[in-house]
Amino acid sequence: MTLLRLRTLSKTFEREPVLDAVSLDVEEGSILCLLGPSGCGKTTLLRIIAGLEIPDTGTVYFDDRDMATVAPHLRNFGMMFQEFALFPHKNVLGNITFGLKMQKRPRREIRARAKEMLSLVGLEGYARRNVSELSGGERQRVALARTLAPNPRLVLLDEPLGALDKALRERLLLEMRDILKKVGVTTIFVTHDQTEAFAIADTVVVMDRGRIEQTDTPENLYAHPATASVALFLGFHNLVRGRIEAAGTMSTDLGILRLAEHGVPTGRDVMALIRPDGARIREASDQPDEGKTIISGVVKNCLFKGRNYHLELQTGTGQVLAFDISNESRPADPGQLIELILSPEAVVVMTDSLVEPFT
Ligand code: ATP
């Protein structure tokens, strides 16, 4: 069931458009990640959902109700931001029960809920601890417990792990996903870090310059970036322009690329992403294979990276493509002319012709 529906939300700050007709459905119980570079409008979108910012146009529907006239504190949404400032003068219990006390819940219910929350985040026995005595990870768990205690119908998390170091972030991310899934609460998580988004989300929404570029599962997003800007944001740089010649081929300056199913009409100008993990070096013993693409070029670099070789190939057009070649393949030396074989799945067709990358 769709719990939250955003329809054509737009927002301008000081005549600069920050959100441009954003529409999105969020399914009940799912964790959705807003992913995009700094300044693309993620926080503004979250603040509009929370009611802290008013859109210029568009509507937020929650449970089919237009939220325009519902004040932020009456929405029953839980929020946690990067600084997630705990109340320093309150102990762990005081922090966790704060929202419940504001709601004037019965004392017995508050006590029971606090106990439940402490156990949920693995902090039994910490109730009386001063928050200044906690580690960064423990503090973050208290903040999550505080957010979840009033039983919100929607949780909004804005870079909640941003202030922590990388190793701790990775561990807490998995814990956080576990906790959110155990509770079953619908969550929107904002991040500019794709590994964070992939680890925690059921659905990832990639934003760029106030627009939604792609909404997909982490797996599909990684396998099939829909636009060149998404591909670049995900760290894929092997982009080639061309035209769909026939259903299974695309003509480019590098030659003909053989494609898997793509659904793009013949004659259309497109961009293709050549996946860095989709190539192998052609051996002398390899039989010609009509269904596959051959790309030739001069090796610029071939670095051993443990599981694979990172190979940079300078093609005849001067474009340098980078590949991760299995370490079972024979390594190539700089200056050597080689041919790479690409399977059709290694070439992803995208229907835009973006020039400007993400900034
Ligand atoms: P970050 O990851 O850096 O937080 P973001 O994707 O969350 O970025 P927003 O915080 O939504 O982006 O900001 C989008 C743009 O809107 C930025 O250029 C920001 O400077 C601008 N902006 C946000 N809030 C305001 C405001 N209240 N007044 C003026 N400009 C604002």
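Every value quoted in this text rests on a predicted model; they were computed, and no experiment measured them.

## A word on the packing of helix 4 (residues 136-148) against helix 5 (residues 166-183)
In the contact formed by helix 4 and helix 5, the axes pass within 11 Å of each other and the chain directions differ by 20°. Taken as axis vectors, helix 4 and helix 5 run roughly parallel relative to one another. Pair helix 4 / helix 5 crosses with right-handed handedness. Residues Gly136, Gly137, Gln140, Arg141, Leu144 and Leu148 of helix 4 form the contact with helix 5, whose participating residues are Leu168, Leu172, Glu175, Met176, Ile179, Leu180 and Val183.

## What to know about the packing of helix 2 (residues 92-102) against helix 3 (residues 107-120)
With their axes 10 Å apart at the nearest point, helix 2 and helix 3 run at an angle of 125° to one another. On the basis of their axis angle, the class for helix 2 and helix 3 is oblique. Helix 2 and helix 3 meet at a crossing whose hand is right-handed. Judged by residue contacts, Val92, Leu93, Ile96, Thr97, Leu100 and Lys101 of helix 2 engage Ile110, Arg113, Ala114, Met117 and Leu118 from helix 3. Grouping the amino acids of the contact of helix 2 with helix 3 by side-chain chemistry returns eight nonpolar, one polar and two charged.

## Section: unusual backbone geometry
In this model, Glu14 sits at a positive phi of 45°, which is unusual for a non-glycine residue. You can call Glu14 exposed: its relative accessible area is 80%. For Arg209, which is not a glycine, the phi torsion comes out positive at approximately 45°.

## Describing the confidence of the model for the protein chain
Regions with low pLDDT should not have their predicted coordinates read in detail. Scored by pLDDT, the protein chain comes out at a mean of 90, with 97% of its residues at no less than 70. Counted against residues more than four places away or in other chains, residues 355-359, with its pLDDT under 50, gives twelve contacts.

## A look at the sheet that holds strand 20 (residues 347-350)
Read across the open sheet, the five strands follow the order 13-12-11-14-20; overall the sheet is antiparallel. Taken across any chain shown, the strands that pair with only one partner, and hence form the sheet edges, are strand 13 (255-258) and strand 20. Ignoring which end each strand starts from, the neighbouring axes of this sheet average 40° apart. Pairing of strand 14 (residues 269-274) with strand 20 involves four bridges; the strand directions are antiparallel. Across the sheet, residue Leu273 finds its bridge partner in strand 20, namely Val348.

## Here's the deal with the site of the ligand
Neighbouring residues of the ligand: Phe13, Glu14, Val18, Pro37, Ser38, Gly39, Cys40, Gly41, Lys42, Thr43 and Thr44. Here an oxygen atom of the ligand sits 3.0 Å away from a polar atom, N or O, in the main chain of Gly41. One of the side-chain nitrogen or oxygen atoms of Thr43 is found 2.7 Å away from an oxygen atom of the ligand. Relative to its unbound accessible area of 630 Å², the ligand is 57% covered by the protein chains. Counting residues per element, the shell around the ligand draws most heavily on helix 1 (residues 42-50), at three residues.

Definitions and cut-offs
- Residues numbered from 1 in each chain as written.
- Predicted model: local features only at pLDDT ≥ 70, side-chain atom pairs only at ≥ 80, totals over all residues.
- Heavy atoms only, no water.
- Axes fitted to C-alpha atoms, helices over the stretch in contact; angles between N-to-C directions.
- Helix = DSSP H or I, 4+ residues; strand = E, 2+ residues; numbered from the N terminus.
- Parallel < 35°, antiparallel > 145°, perpendicular 65-115°, else oblique.
- Left-handed = near helix turned anticlockwise from the far one by under 90°.
- Contact = heavy atoms within 4.5 Å.
- Nonpolar A, V, L, I, M, F, W, Y, C, P; charged D, E, K, R; others polar.
- Buried < 20%, exposed > 50% of the residue type's maximum accessible area, 1.4 Å probe, protein only.
- pLDDT = per-residue confidence, 0-100.
- Pairing = 2+ DSSP bridges.
- Near = heavy atom within 4 Å.
- Polar contact = N/O pair within 3.5 Å; in protein donor to acceptor, adjacent residues only side chain to side chain.
- Areas by Shrake-Rupley, 256 points an atom, 1.4 Å probe, with all protein chains shown as cover.

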